Each structure stands twice: as C-alpha cells, then as structure tokens.
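Chain by chain, the residues run as shown.
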Amino acid sequence: MKEEKGLSASSRRSFIKGSLATLATFSIVPRHVLGKGYLAPSDTLTKAIVGTGSMGRGHIPYAGTKVVALCDVDKKHLDIAVNMVDKGVKTFSDYRELIQLPEVDIVHVATPPHWHGIIAADAARAGKDVWCEKPMTRTIGEGKRLVEAVQQHGRVFRLNTWFRFESNFYGMNTTVKPIKKLVQSGLLGWPLKVTVSKHTGFDWKFYWVGKTNNAPQPVPAELDYDMWLGPAPYKPYSEHRVHGTFRGYWDYDGGGLGDMGQHYIDPIQYFLGKDDTSPVSVEVDAPQQHTEAVGTWRRITYTYADGCQIVLDGEAKDDKVAYIEGPKGKLYQNFKSDIPDLEKKLAAFPDPEPQITDFVDAVKNRKKFALNEENGHRSCTIVNMGLIALRLGRSLKFDPDKQEFIDDEGANRLINQPMRAPWTI
C-alpha cells in the first residue's frame with residue numbers, strides 16, 4: 001500500500017496561522033495543531049473512529065474527547081453513528097482519508113481484527129495517537145510492525161482491554177490489583193500455574209465458530225465488501241462471515257480465544273511480571289481445525305522459562321480447580337484462598353506500583369499508557385501462539401527474544417501471513 005503523506009510544512013504553517021487567527025470561532029481545537037504545551041480553549045482532545053459497529057459507537061461519549069470524524073465501509077453503520085454525534089462531523093468510507101485530517105488527535109480503531117494492525121500503524125505514521133480494540137493484531141508479525149510504527153513516530157497507544165487496572169476481573173470478584181499484590185508478596189510461592197476456566201469465572205464463548213457450508217450471497221448495497229475484506233483473502237460474500245459473526249473465521253479473528261483471550265490473559269501477564277517476555281512453549285489439546293472455520297478446543301497450556309504456566313481450560317472438567325496454584329497456597333474464584341487470614345497477611349505488603357490509566361492525560365502529557373503497544377503486543381502474542389498451535393494441530397516451542405518458533409517452519413510462516421494486495425503494514 002502506498003503510504004499517504006501528511007500536510008507539507010508550508011501547508012501546516014498556513015493551517016496553524018489560520019487556526020490561531022480565528023480561534024474565537026472554535027469550541028474545539030486539536031491540541032497538536034496549536035503546538036506542544038498550548039492548551040486548547042476546551043482542553044478537549046479530538047477523536048476519529050474507524051469502524052462504527054456497536055463497539056465503535058459505544059466509545060463515542062468517552063470523557064475528555066470529541067468525535068470529529070467517522071469511518072465505516074457499511075453505510076448503515078455509519079448513518080447510525082452520525083445520528084449520535086454533533087452536526088458537521090466528517091464521514092469517510094476509506095480510513096486513509098480520515099487519518100490525514102489535521103484536526104484529529106486520536107484515531108480509535110474499532111474494526112474486525114484483520115484490520116487492526118494496518119489501520120493503527122498507518123494512523124501512527126500519520127502522527128495520530130491510537131486507541132485500538134483487542135486483540136491488538138491478528139498475527140504476531142503485525143504486532144511487531146505496529147510496535148515499530150508507534151515508537152518510531154512517538155505516538156501514545158492504548159489497547160482497549162482494561163482489566164489490568166480497573167473493573168472486577170470476571171469471576172475473581174475483585175480488580176486485578178489485590179491479585180498482583182498477592183503474587184508479589186510471595187505468599188503463594190513460585191512458580192505459579194494460572195487456570196482460566198468457567199470454574200474460575202471465565203467463559204470461552206465457544207459459540208464463536210465458523211460455518212463450513214456458507215453459500216455465496218449477494219453483497220448488500222450498503223456494504224463495500226472488498227474494503228471490508230481489505231488484507232484478508234477474497235472469499236464470496238456470506239452474511240455469516242461479516243459483522244457480528246466474523247470471529248468464527250481464521251481470516252478475520254480466532255473464535256472465543258481471539259475474542260476473549262487478551263481480556264483474560266493480559267492481566268495474568270501483568271500480575272506474573274511477564275510484560276517483557278513470552279512463554280517458551282504452547283501445548284494444545286483440540287479437535288482438528290477446519291482450514292477456514294474456527295472450531296473449539298479442550299486445553300491450551302503455555303509454559304514460561306521459569307516454570308510458570310497459563311492453562312486455558314475449555315472442557316472445564318475440574319470444578320474445584322484453583323485460579324492460581326503455587327507451592328505455598330492457592331487462590332480460587334471470588335478471591336478465596338486456602339491461606340488462613342489472607343487479607344490480614346496481605347496488608348503487611350506494599351501495593352503494586354501505580355499505573356497511568358487515564359488515556360486523555362497520557363495523550364496530553366505524552367506519557368506511556370498502562371496497557372500500551374509493548375505489553376499489549378506481548379499479551380496478544382500469547383493469544384496468537386495458541387491460535388497458530390490450534391491451526392497446525394501441534395505443540396510448539398517459542399523464542400521470546402526473537403519472537404519466532406523454534407525449528408518449525410510451518411509455524412513461522414503463520415507469524416507473517418500474506419495480505420491481499422495492495423495492503424501491507
């Protein structure tokens with residue numbers, strides 16, 4: 001894909017001059033237009049949303065931001081979103097036009113995952129800060145390229161899974177903070193095994209499976225299907241392949257693991273202190289997967305170099321399983337433990353280091369957000385390791401430093417998967 005260029009230096013100077021001259025007529029002025037350190041009159045960040053399905057529309061009212069542009073390849077989705085924002089918002093069907101708007105501070109990528117890496121990286125190269133939905137990228141290779149783009153262009157990046165710093169963490173009935181504190185305290189011992197199962201409070205959503213008998217259907221008039229596919233291989237249109245059920249197809253996502261994996265695994269990576277590394281192996285127990293349609297699995301086990309493990313339990317046969325098991329104790333659903341007086345004992349230990357969890361503040365002050373391109377890529381890599389092992393039907397060894405599989409050419413081919421022309425990242 002030919003890289004779009006931003007405003008020329010002379011055009012930018014003219015734009016800034018004109019903006020300052022007519023400042024009194026604006027209620028919202030993007031901060032980057034006015035220069036570093038200058039606060040816009042409203043001090044409100046401007047935002048563009050790419051992908052106006054339910055997720056994209058749900059973030060329209062995010063505090064401290066104002067939507068100034070919307071993009072979608074489905075005219076019906078776009079029309080719904082337009083009716084939710086102020087008049088005068090610019091609309092597009094091609095994100096490449098949107099990311100060149102000088103009045104945009106933040107680009108929110110809320111498309112299906114096969115578009116996440118490309119759009120987020122292009123937005124970073126265009127000088128925009130990025131808010132990206134999970135999973136961060138559909139492949140490990142796309143994640144590596146996105147990290148490079150964000151860092152080379154000095155952008156602030158947020159991945160939109162928030163459980164490492166806020167909200168009750170599913171069946172644990174607590175935020176992740178006390179779990180992090182418990183792990184840091186050493187009361188459970190080391191190494192630890194974390195089991196993600198419906199009996200520890202986590203639903204793997206195995207209804208996200210694809211169909212193997214889709215008949216070609218006419219493309220709806222409101223949908224630019226070729227642009228919806230983008231980098232994905234061309235397949236005849238079928239309603240089940242797009243919008244609400246796209247997660248059931250390898251071309252676009254990875255079923256329940258693709259949908260929920262980063263929500264569940266990213267906090268584990270955080271409280272185990274693994275933000276700068278990856279597991280060294282992944283083992284799978286699953287039926288043979290279809291080449292196009294995502295299926296289910298029984299068990300996926302990741303092992304780190306120090307012996308820590310993450311077990312994704314799809315069968316959930318053990319209804320007494322602990323969420324975290326260590327040589328000195330166990331932690332169960334609802335933050336229950338076999339360690340007597342756990343909360344009293346924990347009170348003697350220090351709290352985890354504070355995190356930067358206000359994205360608006362991070363953008364304004366150029367701070368690294370709590371869940372950013374680096375640790376987000378690492379937790380997404382865990383998801384993608386599992387998806388590759390499932391597709392191949394075999395266990396794999398992984399080098400966390402090189403971020404590639406060991407002695408497995410077939411697995412390494414799935415790190416950087418082909419994209420349909422003209423798309424690249």
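Residues numbered from 1 in each chain as written. Predicted model: local features only at pLDDT ≥ 70, side-chain atom pairs only at ≥ 80, totals over all residues. Heavy atoms only, no water.

Pairing within the open sheet is parallel, and its 6 strands lie in the order β3-β2-β1-β4-β5-β6. The sheet is open, and its two borders are formed by β3 (90-92) and β6 (157-159), each paired with just one other strand. Ignoring which end each strand starts from, the neighbouring axes of this sheet average 25° apart. The pairing of strand β1 (residues 45-50) with strand β4 (residues 106-109) spans 4 bridges and is parallel. By the bridge assignment, Lys-47 is partnered in β4 with Ile-106. (Pairing = 2+ DSSP bridges. Helix = DSSP H or I, 4+ residues; strand = E, 2+ residues; numbered from the N terminus. Axes fitted to C-alpha atoms, helices over the stretch in contact; angles between N-to-C directions.)

Read across the sheet, 9 strands follow the order β13-β12-β11-β7-β10-β9-β8-β14-β15 without closing on themselves; strand pairing throughout is mixed. The open sheet is flanked by β13 (336-337) and β15 (404-405), the only strands paired with a single partner. In the sheet, strand β7 (residues 193-196) pairs with strand β10 (residues 309-313) via 4 bridges, with the strands oriented parallel. By the bridge assignment, Val-196 is partnered in β10 with Leu-312. The sheet contacts of helix α13 (residues 373-392) involve β8 (281-285), β9 (299-303), β14 (396-399) and β15, and relative to β8 the element is tilted by about 45°. (Contact = heavy atoms within 4.5 Å.)

A word on the side chain of Glu-133. Counting through the fold element by element, Glu-133 comes out in the loop between β5 (129-132) and α7 (140-152). Here Glu-133 is buried and forms no salt bridge, its nearest opposite-charge partner Lys-134 lying at an N-O distance of 6.5 Å. Within the local environment of Glu-133, its side chain forms a polar contact with the side chain of Asn-160, the two groups lying 3.0 Å apart. Beyond its immediate stretch of four places on either side in the chain, Glu-133 contacts Met-55, His-59, His-108, Val-109, Ala-110, His-116, Leu-159 and Asn-160. (Buried < 20%, exposed > 50% of the residue type's maximum accessible area, 1.4 Å probe, protein only. Lys, Arg positive; Asp, Glu negative; His and termini not counted. Salt bridge = Lys/Arg side-chain N within 4 Å of Asp/Glu carboxyl O. Polar contact = N/O pair within 3.5 Å; in protein donor to acceptor, adjacent residues only side chain to side chain.)

Between two packed helices, both the angle of their axes relative to each other and the distance between the axes serve to describe the pair. Two elements in contact, helix α6 (residues 113-125) and α7, have axes whose closest approach is 8 Å; the angle formed by their N-to-C orientations is 15°. The angle between α6 and α7 places the two elements in the roughly parallel class. Of the two possible hands of crossing, α6 and α7 adopt the one that is left-handed. For the pair α6 and α7, contact is made by Gly-117, Ala-120, Ala-121, Ala-124 and Arg-125 and by Glu-142, Leu-146, Ala-149 and Val-150, respectively. Considered class by class, the residues forming the contact of α6 with α7 number 6 nonpolar, 1 polar and 2 charged. (Parallel < 35°, antiparallel > 145°, perpendicular 65-115°, else oblique. Left-handed = near helix turned anticlockwise from the far one by under 90°. Nonpolar A, V, L, I, M, F, W, Y, C, P; charged D, E, K, R; others polar.)

Let us look at the UniProt feature "domain: Gfo/Idh/MocA-like oxidoreductase bacterial type C-terminal" (unreviewed entry) in the protein. The positions UniProt marks with the feature "domain: Gfo/Idh/MocA-like oxidoreductase bacterial type C-terminal" (unreviewed entry) are residues 172-425. Secondary structure across residues 172-425 divides into 27% helix and 13% strand, with the first and last C-alpha atoms of the span separated by 38 Å. (UniProt positions renumbered as here; feature names shortened; annotations may be inferred.)

If you walk through the whole model with that rule in mind, you get 0 disulfides. The structure places no disulfide on Cys-71, whose sulfur is separated from the nearest cysteine sulfur, that of Cys-132, by 14 Å. Accessibility expressed as a relative area gives 3% for Cys-71, which makes it buried. (Disulfide = S-S within 2.5 Å.)

Lys-134 connects to Pro-135 through a cis peptide bond whose omega is -10°. Within the secondary structure, Pro-135 sits in the loop between β5 and α7. Even without being a glycine, His-243 presents a positive backbone phi close to 50°. With respect to the helices and strands, His-243 occurs in the loop between α9 (225-229) and α10 (255-271).

Okay, the packing of α10 against α13 next. Orientation of α10 relative to α13, taken along the N-to-C sense of each, is 130°, at an axis distance of 9 Å. As far as their axial angle goes, α13 and α10 are oblique. Crossing angle aside, the handedness with which α10 passes α13 is right-handed. Across the interface between the two elements, Leu-257, Gly-258, Gly-261, Gln-262, Ile-265, Asp-266 and Gln-269 from α10 touch Asn-375, Gly-376, Arg-378, Ser-379, Cys-380, Ile-382, Val-383, Gly-386, Leu-387 and Leu-390 from α13. For the contact of α10 with α13, the class distribution of residues is 7 nonpolar, 8 polar and 2 charged.

With that settled, consider the pairing of β5. The side-chain alternation of β5 yields two buried faces, one formed by Asp-129 and Trp-131 and the other by Val-130 and Cys-132. Summarising the sheet, β4 and β5 pair through 4 bridges and their orientation is parallel. Note that in β5 the partner of Val-107 across the bridge is Val-130. Read as a crossover between parallel neighbours, the route from β4 over α6 to β5 is right-handed. In terms of strand pairing, β5 meets β6 through 3 bridges, oriented parallel. Each bridged residue has a counterpart across the sheet, and for Val-130 the counterpart in β6 is Phe-157. Tracing the backbone out of β5, into α7 and back to the parallel element β6 gives a crossover that is right-handed. (Right-handed = clockwise from strand over helix to strand, strands pointing away.)

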